[in-house]
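Examination of the molecular architecture
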Amino acid sequence: MLGCYQELHKSQLSTSMAAFTQGAHDHHGSQLPWFWTLTIPKDTDSHSWLTEFYHIHWLHAKAAQDRWKEEEELLTSKFQWVVNYFKYRAKMWEEIYTDNKLVGNHGAACYAA
């Protein structure tokens, strides 16, 4: 029975703050230590606790991915809003310039140009 156990290393006993930080995105490539997948007779007959652990781990990763997708969508939209606003203001100043030039108000036309 002791043959299935491995030597514990200090790196396996510490937790990564990325697992607890909402905005962290460095879960990529992370693996669980060997003792989370250990099968012990009578203790893991149902495997329900390990399955539940994997489901929760997957749900946390999925939620983080969804947050990043939403953030990307919001930033893309904000950038487009800024571009649209500047185009609107440029069109407005072009109209002011044209209107004042037609009326002969060269000072206002120069200001609007």
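Residues numbered from 1 in each chain as written. Predicted model: local features only at pLDDT ≥ 70, side-chain atom pairs only at ≥ 80, totals over all residues. Heavy atoms only, no water.

**A few points about the overall build of the chain**
Defined as follows: Runs of E in the DSSP output that reach at least two residues are strands. Runs of H or I that reach at least four are helices, and both are numbered from the N terminus. Each residue gets one of three labels from its accessible area relative to the maximum for its type: buried under 20%, exposed over 50%, partly exposed in between, using a 1.4 Å probe on protein chains only. Throughout, a contact is declared for two residues whenever any of their heavy atoms are within 4.5 Å. What sets the accessible areas is the Shrake-Rupley method with a 1.4 Å probe; for residues, cover comes only from the shown protein chains.
A tally of helices and strands in the chain yields three helices and zero strands. If you list the helices and strands of the chain from N to C, you get α-α-α. Looking at the chain residue by residue over its 113 residues, the buried ones come to 11%. Residue pairs at least 24 apart in sequence account for 35% of intrachain contacts in the chain once pairs closer than 6 positions are excluded. Entry remark: accessible area of the chain is about 10,000 Å², with carbon and sulfur atoms responsible for 61%.

**Some points on helix α2 (residues 48-103)**
Filter applied, for reference: The span you would expect from a helix comes to 1.5 Å times its residue count less one.
Counted at 1.5 Å a residue, the expected span for α2 with its 56 residues is 82 Å, and the 82 Å between its end C-alpha atoms agrees. Along α2, the positions that sit buried rather than exposed are L50, A64 and N100. Packed against the buried residues of α2 are α3 (106-112).

**Some points on the side chain of N100**
Relative to the elements of secondary structure, N100 occurs in helix α2. Setting aside its immediate chain neighbours within four residues, N100 contacts N105, A108 and A109.

**Considering the packing of aromatic side chains**
How we decide: Stacked, tilted and edge-to-face pairs are distinguished by plane angle, under 30 degrees for stacked and over 60 for edge-to-face with tilted covering the rest, among Phe, Tyr and Trp rings (Trp via its six-membered ring) whose centres lie within 6.5 Å.
One pass over the full model with this rule turns up one aromatic pair. Both rings, one in Y85 and one in F86, keep their centres 5.9 Å apart while their planes meet at 55°; by these two values the pair is tilted. Judged by relative accessible area, Y85 falls into the partly exposed class, the value being 46%.

**Here we look at a nonpolar patch on the surface**
Our working definition: In this scheme, patches are assembled from residues that exceed 30% relative accessible area and form no salt bridge. Like charges are connected within 9 Å, while nonpolar side chains (Val, Leu, Ile, Met, Phe, Trp, Tyr) are connected within 5 Å. What makes a salt bridge here is a side-chain nitrogen of Lys or Arg within 4 Å of a carboxyl oxygen of Asp or Glu, nothing more.
A surface patch of nonpolar side chains, about 460 Å² in accessible area, is lined by V82, Y85, F86 and Y88. Residue placement: F86 occurs in helix α2. Note on F86: relative accessible area 55%, which makes it exposed.

**Describing a negative patch on the surface**
The line we're drawing: When charges are counted, neither His nor the chain ends are considered; positive counts come from Lys and Arg and negative counts from Asp and Glu. Taken as the charge location is NZ of Lys, CZ of Arg, CG of Asp or CD of Glu.
A cluster of acidic residues, E70, E71, E72 and E73, forms a negative patch at the surface. You can see E72 is positioned in helix α2.

**Structural notes on the confidence of the model for the chain**
Counted only if it meets this: pLDDT measures how confident the predictor is about each residue, on a scale from 0 to 100.
Per-residue pLDDT for the chain has a mean of 77; in total, 63% of the residues score no lower than 70. Taken element by element, the chain is modelled with least confidence in helix α1 (residues 10-13), mean pLDDT 68, and with most confidence in α2, mean pLDDT 90.

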